[in-house]
Amino acid sequence: MHVLLVEDEKSLHNEVRQFLREAQYLVDSAYTYAEASEKIYVNSYDFVLLDLGLPDGDGLQLLREARQNERQEAAFIILTARGALDDRIRGLDLGADDYLPKPFSLLELTSRMQAIVRRKFGLKRQELTFGPGFVLDATGRTLRYQDQEINLTKKEFDLLHYLLLHRGRVLTRLQLGEHLWGNVLEDDSDSNYIDVHIKNLRKKLAQYSPADFLETVRGIGYRAKSE
């Protein structure tokens, strides 16, 4: 999952960023309204964690601006002072998905993020099933076939998870690259990094099932086939 953390208090920012990275999230940082606005315009995120009290602008205005960006499908979680009830209400009215009053538990933050993923994709739990016996556990970061665990690299797991969440939807190589590496591939959209990871995934899945669950859409990208 690709996350933008917008928080100007550096010690809190560093603590949250480190925790999320250890939890296998890809985290971009912004300390100001201007930095956050530019990154939201350029990149596609799964989550934006938004502090409202930015030094050079209003976080609620940033939320309003982001919701007008058709390309930006991120879920927004507002990080706000405990007493700022009016701001929380306004944020939810503007399209925020949740809010978390400061100080907050980092475990609660990731639990709320997981709950948003479940709601967004209609999941009852953090497991995704596909084919005759494959189970991907997003929390434990494991892929199993019946009782056997399949060894995936971090990038392979993240790629398969993202494709399964968007099952039936064509995702471009650029979208997949942004999800795995941030904006690293932005200037190199012809890179074959994604193709190599797809090839490796197919080879590993084929050891357990002959069906090809990952469909190549020529000239565009890939999709996980609908069941």
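A quick note: this is a predicted structure, and the numbers were derived from the prediction, not measured. (Residues numbered from 1 in each chain as written. Predicted model: local features only at pLDDT ≥ 70, side-chain atom pairs only at ≥ 80, totals over all residues. Heavy atoms only, no water.)

**Describing the nonpolar core**
One broad rule of soluble globular proteins: the nonpolar side chains tend to lie buried together.
In step 1: Counting 46 residues, the largest nonpolar core has Val16, Leu49, Ile77, Leu143, Leu160 and Leu163 as its most contacted members.
In step 2: Taken together, domain 1 (2-121) and domain 2 (127-224) each give at least three residues to this core, which thus spans both.
In step 3: In terms of nonpolar packing, the next biggest core, distinct from the first, is built from 19 residues, Ala30, Ile40, Ala66 and Ala74 among them. (Core = buried A, V, L, I, M, F, W, Y, C linked by side-chain atoms within 4.5 Å. Buried < 20%, exposed > 50% of the residue type's maximum accessible area, 1.4 Å probe, protein only. Domains from an automatic or database assignment.)

**Let's talk about the sheet that holds strand β10 (residues 142-145)**
In step 1: Pairing in this open sheet of four strands is antiparallel, and the strands run β8-β9-β10-β11 from one edge to the other. Strands at the two margins of the open sheet, each flanked by one partner only, are β8 (127-130) and β11 (148-150). If you compare each strand with its neighbour and ignore which way they point, the axes differ by 30 degrees on average.
In step 2: Note: strand β9 (residues 134-137) against β10, four bridges, orientation antiparallel. Bridge pairing links Leu136 to Leu143 in β10. (Pairing = 2+ DSSP bridges. Helix = DSSP H or I, 4+ residues; strand = E, 2+ residues; numbered from the N terminus. Axes fitted to C-alpha atoms, helices over the stretch in contact; angles between N-to-C directions.)

**Considering the UniProt feature "modified residue: 4-aspartylphosphate" (unreviewed entry) in the protein**
In step 1: This chain's UniProt record puts "modified residue: 4-aspartylphosphate" (unreviewed entry) on Asp51.
In step 2: With respect to the helices, strands and loops of the structure, Asp51 is situated in strand β3 (residues 47-51).
In step 3: Residue class for Asp51 comes out buried when judged on its relative accessible area of 7%.
In step 4: Each residue touching Asp51, except ones within four places of it in the same chain, is listed here: Val6, Glu7, Asp8, Gly59, Leu79 and Lys102. (UniProt positions renumbered as here; feature names shortened; annotations may be inferred. Contact = heavy atoms within 4.5 Å.)

**Comments concerning the pattern of salt bridges**
In step 1: According to the stated counting rule, one finds 13 salt bridges in the structure shown.
In step 2: Across the pair Glu108 and Arg112 runs a salt bridge whose closest N-O atoms are separated by 2.8 Å. Here Arg112 and Glu108 lie together in helix α5 (residues 106-120), a separation of four residues that amounts to about one turn.
In step 3: Ionic pairing is found between Glu127 and Arg144, a salt bridge with its closest N-O pair at 3.9 Å. On the criterion of sequence distance, the pair formed by Glu127 in strand β8 and Arg144 in strand β10 is long-range, its members being 17 residues apart.
In step 4: For Glu127, a relative accessible area of 25% gives the class partly exposed.
In step 5: Since its relative accessible area comes to 26%, Arg144 is described here as partly exposed.
In step 6: A single network of salt bridges, built from pairs that share partners, joins Glu7, Asp51 and Lys102. (Salt bridge = Lys/Arg side-chain N within 4 Å of Asp/Glu carboxyl O.)

**Let's talk about the packing of aromatic side chains**
In step 1: Within this structure, the stated rule accounts for six aromatic pairs.
In step 2: Seen in terms of ring centroids, Phe130 and Phe134 are 4.9 Å apart; in terms of plane orientation they differ by 10 degrees. Their pairing is stacked.
In step 3: A residue is classified by how much of its surface remains accessible, and Phe130, at 2% relative accessible area, is buried.
In step 4: Taking relative accessible area as the criterion, Phe134 reaches 1% and is therefore assigned buried.
In step 5: With a centroid separation of 5.7 Å and an interplanar angle of 50 degrees, the aromatic rings of Trp181 and Tyr193 are classed as tilted. Of the two residues, Trp181 sits in helix α7 (residues 173-181) while Tyr193 sits in helix α8 (residues 193-206), which places them 12 residues apart along the sequence.
In step 6: Under the relative-accessibility criterion, Tyr193 is labelled partly exposed at 43%.
In step 7: Joined through ring pairs, the aromatic side chains of Phe130, Phe134, Tyr145, Tyr208 and Phe213 make up one cluster.
In step 8: Above the plane of the ring of Tyr31 lies Lys10, whose end atom (NZ or CZ) is 5.8 Å from the centre. (Phe/Tyr/Trp six-rings, centres within 6.5 Å; stacked < 30°, edge-to-face > 60°. Lys NZ or Arg CZ within 6 Å of the ring centre and 35° of its normal.)

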